[in-house]
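Structural overview for review
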Protein chains: 2
Amino acid sequence: MKKYNFSPGPAMLPQIVLEEASQGLIDYNNTGLSVAEISHRSPIFLNIIEEATALVKEIYGIKDEYDVLWLPGGASAQMAIAPMNLVDKRQSIATLETGFWAKRAITAAEQICRVNVLATSKETNFDRIPHPKNWKLSSSTRYFYVVSNETIEGIQFHQFPSVNVPLVADMTSDFLSRPLPLEKFGVIFASAQKNFGIAGITCVLIRKDMLTNTVRRMIPNIFNYRTHIEHHSLFHTCPTFPIYTSLLALRWTKNQGGLDKIHSQNSEKTRLLYEEIDQNPFFKPIAVKEDRSVMNVCFRGISPATEAQFMTFAEQNNIVGIAGYPTVGGFRASIYNAMPLENVNVLINAMQTFATENEHSIS
Amino acid sequence: MKKYNFSPGPAMLPQIVLEEASQGLIDYNNTGLSVAEISHRSPIFLNIIEEATALVKEIYGIKDEYDVLWLPGGASAQMAIAPMNLVDKRQSIATLETGFWAKRAITAAEQICRVNVLATSKETNFDRIPHPKNWKLSSSTRYFYVVSNETIEGIQFHQFPSVNVPLVADMTSDFLSRPLPLEKFGVIFASAQKNFGIAGITCVLIRKDMLTNTVRRMIPNIFNYRTHIEHHSLFHTCPTFPIYTSLLALRWTKNQGGLDKIHSQNSEKTRLLYEEIDQNPFFKPIAVKEDRSVMNVCFRGISPATEAQFMTFAEQNNIVGIAGYPTVGGFRASIYNAMPLENVNVLINAMQTFATENEHSIS
């Protein structure tokens, strides 16, 4: 039975990506070999990683000013690796405490350097992007760190801060989902599996000038960006199959017709869902309107009983993965690039039917 | 056309593992979901990782004296992470320079602590396990590091050192291939993809007493073994599909009938191949007899011309992945658990046919 999978991640992938990946596991392009059992240094795999890199550059319209790396693990590793590589001993970073992932990144960076948190939205349980009273950065600030989309609280930067240092961004949950003001970004990292690939791989974009300063700190070779730049991500056996699935997802992304088009599709999908949440008497939104995420739509039922009932009702309708994160509660519908509009409509229809069937209970 | 794949890694996997993994990507156990698109915290995935952990323990006959972790990335990361977690500032480690992977591990550990290299076989291009004149370890020695099998040079420890500190072992290329004197080992790590799983995941066994001492060093949370022990490898989104393929390979391993049986199968496969190398006039072995690897059989042709000819001949017979590593040259046939005896015989037959066809050239 087909499921409508709103999981926040690992999340649904385009059907064609799953089918091609599945086929590649058995016999890659009629080579008589599984794509998972060929050397990462073989010409077959070199073509895969080079095409994936080229597609990231093509989709974002970047050239050689950035290095594109494919590193094992997820964003939590980059939260340590980025400051380790970029911030010298007397330097600091600045950021906003926007939610769960910003908090984890602050904790990780604080093990390595000073972190200036300019503002927090903790008081309102991270239902919005906080606005600092003062954007003035200390002269020691190496970069400004942002989590472009907070999956757990369902908020997103729709405009990125304009500051006099480069942005370093965790874009795990909205990579490849919209055009970017690239001139603002020094480093962008995004781990699969939301808008590309399968879990176990992270794509890191590093603007070349970010590594020209000297960082006086022992950086283990394996966690040194320079190592991986020098070896084109092949210093070690890279996660070959996760990279192959990333390539398949990138091809699919390109075929959608560009980031403008993807962004407008994504915006339409979540606009319809937020509209339903705003008007349906059984549900209420969580994030403030201006900061609502286009990727993760978080909402509550009007009572714990309603939430339990709708969860059961959704499951009966093959809608899965919509439980909110415990710190937020309620529901979270994650709607990444691969989620078709039809599936969003299935959820909207379920909410409407639920409302009709339960009308008496609040009449 | 079926290939006989002797790749050193990513290497061939059992056909049933590839088929089940391929099917799971489309629809996992009739859930209507791909195994790659479910949350790492979902009951479905928790069952997968728990079964994988239980199988590692069952196959090695260990109980709760070890923690079993599933960490992203490969062995090169553990070469830094292990000393970072285990060796305090004034402590050191001891090791033998056995080949390529020992050299990389020495370089990685030297970024973190003192490393005493007791012996090297560099003078003979790492064709053997070196024997120290003196096994006496300095009192600061925290552990003795071994690469149980050197894939590139084709040598293997058939007996592990007996020292008064625990062994920490990179077992990437012979994990699950033979019984172990477990009482000697404090930490064992092995990255896929040789004897289990697909690249992007590392299994780490940590004897609980290894983490009782205090290490006064900043360890980033994400690289701290304690973090992952506390969170049962789910501190972050772990590489879910690589772990699922590991589970499939572990089930296959268990079905082989135990490590004794696997070891005797492995030994027989390579015994036949070494026998052919020793007697075939066109080939010669590389490693000294007593240290020859049961996993990676390295050999040379009698001349550069012979090597080029046999490489072509092998390809014509659908034998792939047998090029030796550049520092060693010649050929390397990697024969992990999943390699059937029949495939080894295909290679042996090709060597015999090649010898017959070229007899005139040396007569």
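Residues numbered from 1 in each chain as written. Chains lettered and ligands numbered in written order. Predicted model: local features only at pLDDT ≥ 70, side-chain atom pairs only at ≥ 80, totals over all residues. Heavy atoms only, no water.

Turning our attention to the packing of aromatic side chains. For any pair of aromatic rings, the description rests on two quantities: the centre-to-centre distance and the angle between the ring planes. For the coordinates displayed, the defined rule picks out 44 aromatic pairs over all chains. Residues A:Phe241 and B:Phe241 carry aromatic rings whose centres are separated by 5.5 Å and whose planes lie at 35 degrees to one another, so their mutual orientation is tilted. Residue A:Phe241 is located in helix 6 (residues 240-255), and its partner B:Phe241 is located in helix 6 (residues 240-255); the two belong to separate chains. Considered together, A:Phe241 and B:Phe241 belong to a single accessibility category, that of buried residues. Aromatic pair B:Trp135 and B:Phe144: ring centres 5.7 Å apart, planes at 40 degrees, arrangement tilted. Residue B:Trp135 is classed as partly exposed on the basis of its relative accessible area, which comes to 34%. One cation-aromatic arrangement involves A:Arg104 over B:Phe235; the distance from NZ or CZ to the ring centre is 3.7 Å. (Phe/Tyr/Trp six-rings, centres within 6.5 Å; stacked < 30°, edge-to-face > 60°. Helix = DSSP H or I, 4+ residues; strand = E, 2+ residues; numbered from the N terminus. Buried < 20%, exposed > 50% of the residue type's maximum accessible area, 1.4 Å probe, protein only. Lys NZ or Arg CZ within 6 Å of the ring centre and 35° of its normal.)

It is worth spelling out the interface of chain B and chain A at this point. Contact residues are listed per partner, giving 55 residues for chain B and 55 residues for chain A. Of the roughly 4,200 Å² buried between chain B and chain A on both sides combined, carbon and sulfur atoms contribute 63%. Considering only the side of chain B, the residues that lose the most area to chain A are B:Pro10, B:Glu37 and B:Gln111, jointly responsible for 14% of the buried surface there. In this structure, the connection of chain B to chain A is made through zero salt bridges. (Contact = heavy atoms within 4.5 Å. Buried area = accessible area lost by both parts, 1.4 Å probe. Salt bridge = Lys/Arg side-chain N within 4 Å of Asp/Glu carboxyl O.)

Residue and element names in this part refer to chain A. When cut into domains, chain A gives domain 1 (4-11 + 258-361) and domain 2 (15-255). A C-alpha centroid distance of 27 Å is found between domain 1 and domain 2. Residue-level contacts link 29 residues of domain 1 with 30 residues of domain 2. Regarding the contact of domain 1 and domain 2, the summed buried area is about 2,300 Å², with carbon and sulfur atoms giving 55% of it. If you sort the residues of domain 1 by the area they bury against domain 2, Leu 259, Asp 291 and Asn 337 come out on top, with a joint share of 26%. Run the count over domain 1 and domain 2 and you get zero salt bridges. Here the residues of the side of domain 1 that touches domain 2 are counted per class, giving 16 nonpolar, eight polar and five charged. (Domains from an automatic or database assignment. Nonpolar A, V, L, I, M, F, W, Y, C, P; charged D, E, K, R; others polar.)

Turning our eyes to something else, we now look at the relation of the copies chain B and chain A. Superposing chain B onto chain A requires a rotation of 180 degrees together with a translation of 0.0 Å along the rotation axis, leaving an RMSD of 0.0 Å. Taken together, the rotation angle and the small translation identify this as a two-fold axis. Residues of chain B ranked by C-alpha distance from the rotation axis are headed by B:Ser22, positioned 2.2 Å from it. The residues that chain B uses at the interface reappear at the interface of chain A in 100% of cases, marking a shared surface. (Least-squares fit on C-alpha atoms with pLDDT ≥ 70 in both.)

Residue and element names in this part refer to chain A. Across the two faces of strand 8 (residues 167-170) the burial is the same, with Leu 167 and Ala 169 and Val 168 and Asp 170 all buried. Note: strand 5 (residues 141-147) against strand 8, four bridges, orientation parallel. Its bridge partner lying in strand 8, Phe 144 is registered against Leu 167. Across four bridges, strand 8 lies against strand 9 (residues 185-191) in parallel orientation. Among the inter-strand pairings, Ala 169 is bridged to a residue of strand 9, identified as Ile 188. (Pairing = 2+ DSSP bridges.)

Our focus in this paragraph is helix 6 of chain B. Residue and element names in this part refer to chain B. The end-to-end C-alpha separation of helix 6 is 23 Å, in line with the 22 Å expected for 16 residues at 1.5 Å each. Counting buried positions along helix 6 gives 13 out of 16 residues, so the element sits mostly inside the fold. Count one or two residues on from helix 6 and you reach Gly 257, which has phi positive near 105 degrees. (Expected span 1.5 Å × (residues − 1).)

If you look at the biggest cluster of nonpolar residues, it comprises 124 residues, and the most contacted ones within it are A:Trp70, A:Phe175, B:Trp70 and B:Phe175. If near-sequence neighbours (up to four positions away) are discounted, A:Phe175 is found in contact with A:Val56, A:Tyr60, A:Ile188, A:Ala190, A:Asn195, A:Phe196, A:Cys203, A:Leu205 and A:Asn337. Ranked by size, the runner-up nonpolar core spans 70 residues in total, among them A:Met79, B:Ala80, B:Val87 and B:Phe189. (Core = buried A, V, L, I, M, F, W, Y, C linked by side-chain atoms within 4.5 Å.)

All names here are of chain B. Where burial is concerned, most of strand 10 (residues 201-207) is hidden: seven out of the seven residues are buried. Here strand 10 shows a buried face lined by Ile 201, Cys 203, Leu 205 and Arg 207 and a second buried face lined by Thr 202, Val 204 and Ile 206. As judged from the seven bridges shared by strand 2 (residues 66-72) and strand 10, these two strands associate in the antiparallel manner. Paired with Leu 69 across the bridge in strand 10 is Val 204.

Next up on the list: the sheet that holds strand 12 (residues 296-301) of chain A. All names here are of chain A. The strand order 11-12-14 describes an open sheet built from three strands, whose pairing is antiparallel. Strands at the two margins of the open sheet, each flanked by one partner only, are strand 11 (283-285) and strand 14 (331-334). Pairs of neighbouring strands in the sheet enclose a mean axial angle of 35 degrees, with direction left out of account. Pairing analysis gives four bridges linking strand 12 to strand 14, with the strands arranged antiparallel. Looking across to strand 14, one finds that Cys 298 is bridged to Arg 332. (Axes fitted to C-alpha atoms, helices over the stretch in contact; angles between N-to-C directions.)

Next up on the list: the pattern of salt bridges. Residues and elements named next belong to chain A. For the coordinates displayed, the defined rule picks out 24 salt bridges over all chains. Put simply, Arg 251 and Glu 51 hold a salt bridge, and the shortest N to O gap is 2.8 Å. With Arg 251 in helix 6 and Glu 51 in helix 2 (residues 43-60), the pair connects residues that are 200 residues apart, well separated along the chain. Two residues, Glu 275 and Arg 271, come together in a salt bridge whose shortest N-O distance is 2.8 Å. Of the two residues, Glu 275 and Arg 271 both sit in helix 7 (residues 259-279), four residues apart, roughly one turn of that helix. On the basis of relative accessibility, which here comes to 38%, the residue Glu 275 falls in the partly exposed class. Salt bridges sharing common partners tie together Glu 268, Arg 271 and Glu 275.

The pairing of strands in a sheet comes from backbone hydrogen bonds and takes either a parallel or an antiparallel form. Residue and element names in this part refer to chain B. What the seven strands build is an open sheet, ordered 2-10-9-8-5-3-4; its pairing is mixed. Where the open sheet ends on each side, the last strands, each with one partner, are strand 2 and strand 4 (114-120). Mean inter-strand twist for the sheet, computed between neighbouring axes without regard to direction, equals 20 degrees. Relative to strand 5 (residues 141-147), strand 3 (residues 92-97) runs parallel, the two sharing four bridges. Bridge pairing in strand 5 links Ala 94 to Phe 144. On top of the sheet, helix 4 (residues 100-110) reaches strand 3, strand 4, strand 5 and strand 8 (167-170); it is set at about 160 degrees to strand 3, its chief contact.

Right, let's talk about the packing of helix 1 (residues 15-26) of chain A against helix 1 (residues 15-26) of chain B for a bit. Running from N to C, helix 1 of chain A and helix 1 of chain B point in directions that differ by 180 degrees, and their axes come no closer than 9 Å. The orientation of helix 1 of chain A with respect to helix 1 of chain B, classified from their angle, is roughly antiparallel. Across the interface between the two elements, A:Leu18, A:Glu19, A:Ala21, A:Ser22, A:Gln23, A:Leu25 and A:Ile26 from helix 1 of chain A touch B:Leu18, B:Glu19, B:Ala21, B:Ser22, B:Gln23, B:Leu25 and B:Ile26 from helix 1 of chain B. Of the residues that constitute the contact of helix 1 of chain A with helix 1 of chain B, the class distribution is eight nonpolar, four polar and two charged. (Parallel < 35°, antiparallel > 145°, perpendicular 65-115°, else oblique.)

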